[in-house]
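# Structural overview
Single-letter residue listing:
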Amino acid sequence: SAYTLEIAPAKIKGALDATIDELADIVDIQPRDRKRFKRLLDESRSVESLPIRTRLNDEEVARFTAQKFRFEGVEIKARLFRSYPLGEVGSHLIGYIGRINPTEKKQMEDDWAEDDLANYRGTEYIGKLGVEQSYESELHGTTGFEEVEMSAGGHAVRRLKSNPATPGNAIVLSIDIRLQALVEQLFGDRRGALVAIDPSNGEILAFVSKPNFDPNLF
């Protein structure tokens, strides 16, 4: 769990770039943050809230909260992030998750059943590579929902019904992570790939591709 600083472009009064410049005086906003925000803005509907900074520390949260009255359309949200404790080890095998882009969204709308598509209305993320992508349907779980009766003034009157979210399944691999790490270390800076198979049962013990990457960056 971590905090993100998010902007709803449709609610910003004045120039968006000027708002980001003012925010940069309160929290650390790097050029890469601006570049990612611009890309998300190009891909998304204007009504969506988009992150300009992720994983704010407590001091940054406190500084923005004290100045929030100045920034209509900007807020801090609590988000859940995937944690990959082994970093680069097995990165091609494990893969990573990322925001659903327009191409993926169109493919989902064209190819998926309505029930499967409805299961992604509460999330913006999907598996992009490796096990995260191949076992997406197993890992994703079921999105929950709550039906609420609202007053004319926009206030919740009573809850009519709810259906809690169901977590996805755990997946256990045949990979020997110590062997995986050893092979990656032996490769060093060289490029290449290796698959180690247990001949007695066909299980994959190591699945290496170099160079690798840190999935936490995604």
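Look up a bit, the structure's there.
Below, the structure is looked at part by part.

Another point: the overall build of the protein chain. When helices and strands are tallied, the protein chain shows nine helices and nine strands. Here the C-alpha atoms of the protein chain give a radius of gyration of 21 Å, more than 25% beyond the 17 Å that 2.2 N^0.38 yields for 218 residues. When the backbone C-alpha atoms are referred to their principal axes, the protein chain occupies close to 70 × 45 × 30 Å. Every one of the 218 residues in the protein chain was classed for burial, and the buried ones make up 31%. Sequence separation of 24 or more characterises 62% of the internal contacts of the protein chain that already satisfy a separation of 6 or more.

Turning next to the packing of helix 1 (residues 16–24) against helix 2 (residues 31–43). Packed helices, taken two at a time, are described by their axes: the angle between them and the distance between them. Close contact between helix 1 and helix 2 brings their axes to 13 Å; oriented N to C, the two are set at 145°. In the packing of helix 1 onto helix 2, the handedness of the crossing is right-handed. Of the residues in helix 2, those in contact with L16, I20, D21 and A24 of helix 1 are R34, F37 and L41. Split into classes, the residues belonging to the contact of helix 1 with helix 2 amount to five nonpolar, no polar and two charged.

Attention now moves to the side chain of E60. Checked against the element boundaries, E60 lands in helix 3 (residues 58–67). Of the polar contacts made by the side chain of E60, one reaches the side chain of R53; its length is 2.9 Å. Aside from chain neighbours lying at most four places away, what touches E60 is V27, D28 and R53.

Parameters and conventions
- Residues numbered from 1 in each chain as written.
- Predicted model: local features only at pLDDT ≥ 70, side-chain atom pairs only at ≥ 80, totals over all residues.
- Heavy atoms only, no water.
- Helix = DSSP H or I, 4+ residues; strand = E, 2+ residues; numbered from the N terminus.
- Rg over C-alpha atoms; globule rule 2.2 N^0.38 Å.
- Buried < 20%, exposed > 50% of the residue type's maximum accessible area, 1.4 Å probe, protein only.
- Contact = heavy atoms within 4.5 Å.
- Axes fitted to C-alpha atoms, helices over the stretch in contact; angles between N-to-C directions.
- Left-handed = near helix turned anticlockwise from the far one by under 90°.
- Nonpolar A, V, L, I, M, F, W, Y, C, P; charged D, E, K, R; others polar.
- Polar contact = N/O pair within 3.5 Å; in protein donor to acceptor, adjacent residues only side chain to side chain.

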